[in-house]
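Below are the chains, spelled out letter by letter.
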Amino acid sequence: MIVCDCRPTTAPDCTTYLFKKQPAIVMFGKINAPYQCAVNRCMINHRLLDHYQIDTSKDLGIKDICPRPYDTVLIDSMGSCFACECTSWLPVSIGNLHRQDLDTILQSPVRRKMQQSVSDGTYRYCNNRQCTYLLANRVYNWHGEHALKEIRLATDNSCNLSCPSCRTKKIFIKSGKMLRMRHTLSDRVVQYLEHHRSPIKVHIGSDGDPFASLIYRRFMRISQHLPHLSYSIQTNGLLCKQMYPRVRSMFEKLRTLNVSIDGASQHTYESLRRGGSWQKIMDNLRFIKELKQVHEFEFKLHMVVQKSNWHEMLKMCELGDSVDADQVVLNRIEDWQTYNNFNEQKVPENNEVQRMLEQVDSHHLSQFWAKTNAT
């Protein structure tokens, strides 16, 4: 599965707006009848669709049916749920976990509408300018299964780093109402998982670091006993060795470990991974190499490619070889509103970059944007 590095939006969906304006809409987890028509009218969150400039009248004419609206749900830090592995790829909330249980959300009319939009081939609500599968023209066809296979937790952006491409300052939730609300989301996911009997994977990360976040660490602790559950993790890697004794049971169920490092040299790494230590990340990568032999998970290195590090793409692939990575994923930098002039951070378009891309393309570990997320 392709791992998305997108951060979830915090924009409210239409039903969230209604709940704030009319708290009496919901009683005992259900929408009161007088308000049902209002909810139906604003069922689709056009604010996010407009934000991503998605033309909902389009018809892509795709014969294959994407399985994501059927087998995946992503939950963001506000409790909004999305029927895709990335909020920007299908930016329509199908419900909110603070106000409904996950079973109810999975039966929602909005989720069925998202499924219909791919089954009819139009993909009208999909972001065909960002979705990796659509850009690569390789939608994996749905085989008629309705069971949920993956939950993607994007419920906490706490991190031990403050990378310039991601944020302007360090973010860490350690107390207060926000911590309690995010723990509540974790509890409701675990409640669903406790009666979900078929195999299911939980992906943790992309917005914050699973080993730094108190919310994610608690989730791993309270969910690791579930026999049918497996994990995939997206991390900056700096705390793997330190946290391993506390989450060993999680590693025994780990299917994929994605480690994001934006430099293959000390200077580049410590410039772009603000707060990170080259010596420490290398020590952790060597430790992960050993863990892979024990737990047999898939190991991927990730790099957000930008003006400051594009020259190290090939070196990153060579680093991947040295630590026994299965793949090196090279994602072009995206604008998360952290730079005054984002255009200055982009990878330049010149012959030198093109020659580098050709070398990277020939490396057996590389997966880079020219093949997966070109525009």
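Coordinates for the structure precede this section.
Residues numbered from 1 in each chain as written. Predicted model: local features only at pLDDT ≥ 70, side-chain atom pairs only at ≥ 80, totals over all residues. Heavy atoms only, no water.

**Quick word on the pairing of strand β11 (residues 327–332)**
No. 1: Sheet topology note: the strand β10 (residues 298–305)/β11 ladder contains 6 bridges and is parallel. Residue pairing in the sheet places M303 in a bridge with L330 of β11.
No. 2: After leaving β10, the chain enters helix α14 (residues 313–322) and then returns to the sheet as β11, a path that is right-handed.
No. 3: For the segment spanning β11, helix α15 (residues 351–361) and strand β12 (residues 366–368), crossover handedness is right-handed. (Pairing = 2+ DSSP bridges. Helix = DSSP H or I, 4+ residues; strand = E, 2+ residues; numbered from the N terminus. Right-handed = clockwise from strand over helix to strand, strands pointing away.)

**Here we look at the sheet that holds β12**
No. 1: Strand order in the open sheet formed by 10 strands is β5-β4-β3-β6-β7-β8-β9-β10-β11-β12, and the pairing between neighbours is mixed. Two strands in the sheet have a free side with no partner beyond their single neighbour: β5 (93–96) and β12. Across the sheet, the axes of successive neighbouring strands diverge by a mean angle of 20°, strand direction being ignored.
No. 2: Sitting on the sheet, α14 is in contact with β10, β11 and β12, with an inclination near 165° to β10. (Axes fitted to C-alpha atoms, helices over the stretch in contact; angles between N-to-C directions. Contact = heavy atoms within 4.5 Å.)

**Observations regarding helix α8 (residues 176–194)**
No. 1: Between its first and last C-alpha, α8 extends 27 Å over 19 residues, near the 27 Å set by a 1.5 Å rise per residue.
No. 2: Among the residues making up α8, those that are buried are L179, R182, H183, L185, S186, V189, V190, Y192 and L193.
No. 3: On the buried face of α8, the contacting elements are β3 (72–76), α5 (102–106), β6 (150–154), β7 (200–204), α9 (214–223) and β8 (229–235). (Expected span 1.5 Å × (residues − 1). Buried < 20%, exposed > 50% of the residue type's maximum accessible area, 1.4 Å probe, protein only.)

**Here we look at the side chain of S260**
No. 1: Assignment of secondary structure puts S260 in strand β9 (residues 254–260).
No. 2: The class of S260 is buried, set by a relative accessible area of 11%.
No. 3: Polar contacts involving the side chain of S260 include one to the side chain of Q234, which spans 2.9 Å.
No. 4: Residues in contact with S260, not counting those within four places in the same chain, are Q234, T235, N236, R273 and H302. (Polar contact = N/O pair within 3.5 Å; in protein donor to acceptor, adjacent residues only side chain to side chain.)

**Observations regarding the nonpolar core**
No. 1: Counting 104 residues, the largest nonpolar core has I151, L193, F211, L285, L301 and M313 as the members making the most contacts within it.
No. 2: Top contributing element to this core by residue count: helix α13 (residues 278–295), with 7 residues. (Core = buried A, V, L, I, M, F, W, Y, C linked by side-chain atoms within 4.5 Å.)

**Thoughts on α14**
No. 1: Among the residues of α14, M313, L314, M316, C317, L319 and G320 are the ones counted as buried.
No. 2: Once α14 ends, the next one or two residues include D324, with phi positive near 65°.

**With respect to the pattern of salt bridges**
Between side chains of opposite charge, a pair can form when the charged atoms approach closely.
No. 1: Applying the stated rule across the entire model yields 13 salt bridges.
No. 2: E150 is the salt-bridge partner of K201, the closest N and O atoms lying 3.9 Å from each other. Of this pair, K201 sits in strand β7 while E150 sits in strand β6, and the two are 51 residues apart along the sequence.
No. 3: Here R182 makes a salt bridge to D156, at a shortest N to O gap of 2.6 Å. Taken together, the residues span a long stretch of sequence, with R182 in helix α8 and D156 in the loop between β6 and α8 at a distance of 26 residues. Neither R182 nor D156 differs from the other in exposure class; each is buried.
No. 4: Linked by salt bridges that have partners in common, R68, D71 and E85 make up one network. (Salt bridge = Lys/Arg side-chain N within 4 Å of Asp/Glu carboxyl O.)

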